[in-house]
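# Observations on the model geometry
The residues making up each chain are set out below.
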Amino acid sequence: MSIIALDRVAVRVAVDGRPAPKTLLAELTLRLTEQRIGIIGANGSGKSTLLRLLNGLVLPSSGTVTVDKWDTVRAVREVRRRVGFVFTDPLSQLVMPTGREDVELSLRRSVRNARERSRQAEATLDRFGLLPLADQSIYELSGGERQLLALAAVLAVDPEVLVLDEPSTLLDLRNRELLRRTLAGLSQQVILSTHDLELALDLDRVLVVDAGAVVFDGGPAGAVAHYRALCAAGLPASGAADAARPGRPGPESPPRENPDLARQHPGQP
Ligand SMILES: Nc1ncnc2c1ncn2[C@@H]1O[C@H](COP(=O)(O)OP(=O)(O)O)[C@@H](O)[C@H]1O
Ligand SMILES: [Mg+2]
């Protein structure tokens, strides 16, 4: 198994009109060795930033992120071969008109022979029960089918680590269960962010992120309790949702997707 390590990593960005850079993630050192790892935290707390560091979609402003001996700044290709990334919204990841074409695109670099590529794409689609939908427009699939397809397109190239950013946020209960079962059956290391606390409770290790800092790192029950306490402390005494802490996006904010990253596809370096 690949070992992802963050060594004194911080992420800061320059923001127009602000003299000092904004800290998205405060200095952090981690070794991600468990098979199932979760990240929970409020909207805007830094979950996506942390996940995107893991395969070089976001680069550290200081410190290093390595996957085995590969650094995400200097060896991003090697890193992305090992670490697959699944976005919240599968439509920002699927770039081909149909599932079959998208999975074949994923395999484009690793399988040179077209017939073999087509055979492997079919096998991958079949593994996820998606073969009957292989030639249907991705726009005519349900949200759950699309999310499974995005997962299949990433797993087609057999990464060692699968990173998923809020994979169940757009899914209904039935599809969430399906996703949960699918993830549980994977041999890959899985690192995901989620607002689904039931899903978080299934994991081996859960980090709680708050305002760009990891404020808890340990077992899932402790993490969920910590997160609940944090949320309760942040609510006004009346509990009125619309008076949530100033400066924080409310719970109804949609997940933010950086358009520059939206075209990241396992078939493209
Ligand atoms: N490129 C950027 N420039 C400025 N601010 C950013 C940028 N990317 C993320 N942020 C801000 O960093 C914070 C953390 O974002 P993110 O990691 O997406 O949080 P989460 O995934 O937990 O909702 C948010 O306040 C977000 O607005
Ligand atoms: Mg996010």
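Keep in mind it's a predicted model, so treat the numbers as computed, not measured.

### Here's the deal with the overall build of the protein
Looking only at helices and strands, the protein features eight helices and 10 strands. Per-residue burial over the protein gives 40% buried out of 269 residues. At a minimum sequence separation of 6, the contacts of the protein that also span at least 24 residues come to 67%.

### Regarding the environment of Asp7
Of note, Asp7 is situated in strand β1 (residues 4-13). Residue Asp7 is classed as partly exposed on the basis of its 15 C-beta neighbours within 10 Å. Considered as a pair, Asp7 and Thr29 are 22 residues apart in the sequence and their alpha carbons are 4.6 Å apart. With sequence-adjacent residues up to four places away left out, Asp7 is seen in contact with Thr29, Gly63 and Thr64.

### Examining the sheet that holds strand β7 (residues 161-165)
With mixed pairing, the six strands of this open sheet are ordered in space as β6-β7-β8-β3-β9-β10. If you trace the sheet from one side to the other, it starts and ends with β6 (83-86) and β10 (213-218), each paired once. Each strand axis lies, on average, 15 degrees off the axis of its neighbour in the sheet, ignoring direction. As defined by bridge partners, strand β3 (residues 36-40) adjoins strand β9 (residues 205-210) across four bridges and the pair is classed as parallel. Its bridge partner being in β9, Ile40 is matched across the sheet by Val208. Of the strands in this sheet, β3, β9 and β10 are in contact with helix α8 (residues 220-234), which crosses β9 at around 20 degrees.

### Notes on the pairing of β9
Where a strand is regular, its side chains alternate between the two sheet faces. Here β9 runs beside β10; their pairing, made up of five bridges, is antiparallel. Of the residues in β10, the one forming a bridge with Asp210 is Ala213. Between β9 and the antiparallel strand that follows it, β10, lie two residues; Ala211 among them carries a positive phi value of about 45 degrees.

### Description of the environment of Gln147
Secondary-structure assignment places Gln147 in helix α5 (residues 143-155). Along the chain, Gln147 and Asp89 lie 58 residues apart, while their C-alpha atoms are 7.6 Å from each other. Those residues in contact with Gln147 that sit more than four places away from it in its chain are Pro90, Pro167, Leu171, Asn175 and Leu179.

### A short note on unusual backbone geometry
Phi is positive for Asp68, close to 55 degrees, though the residue is something other than glycine. Position of Asp68 among the secondary structure elements: in the loop between β4 (62-67) and β5 (70-71). By C-beta crowding, Asp68 is classed as partly exposed, having 14 other C-beta atoms within 10 Å. Despite not being glycine, Asp158 shows a phi value in the positive range, around 55 degrees. Here Asp158 is to be found in the loop between α5 and β7.

### A look at the site of ligand 1
Taken together, 13 residues form the shell around ligand 1, and within it Gly44, Ser45, Lys47, Ser48 and Thr49 come nearest. For the shell around ligand 1, the secondary-structure elements that each account for two or more residues are β2 (22-32) and α1 (47-53). The element that contributes the greatest number of residues to the shell around ligand 1 is α1, accounting for three residues. Among the residues making up the shell around ligand 1, the classes are represented as three nonpolar, seven polar and three charged.

Calculation notes
Residues numbered from 1 in each chain as written. Chains lettered and ligands numbered in written order. Predicted model: local features only at pLDDT ≥ 70, side-chain atom pairs only at ≥ 80, totals over all residues. Helix = DSSP H or I, 4+ residues; strand = E, 2+ residues; numbered from the N terminus. Buried ≥ 20, exposed ≤ 12 C-beta atoms within 10 Å, placed from the backbone. Contact = placed C-beta atoms within 7 Å. Pairing = 2+ DSSP bridges. Axes fitted to C-alpha atoms, helices over the stretch in contact; angles between N-to-C directions. Near = placed C-beta within 6 Å. Nonpolar A, V, L, I, M, F, W, Y, C, P; charged D, E, K, R; others polar.

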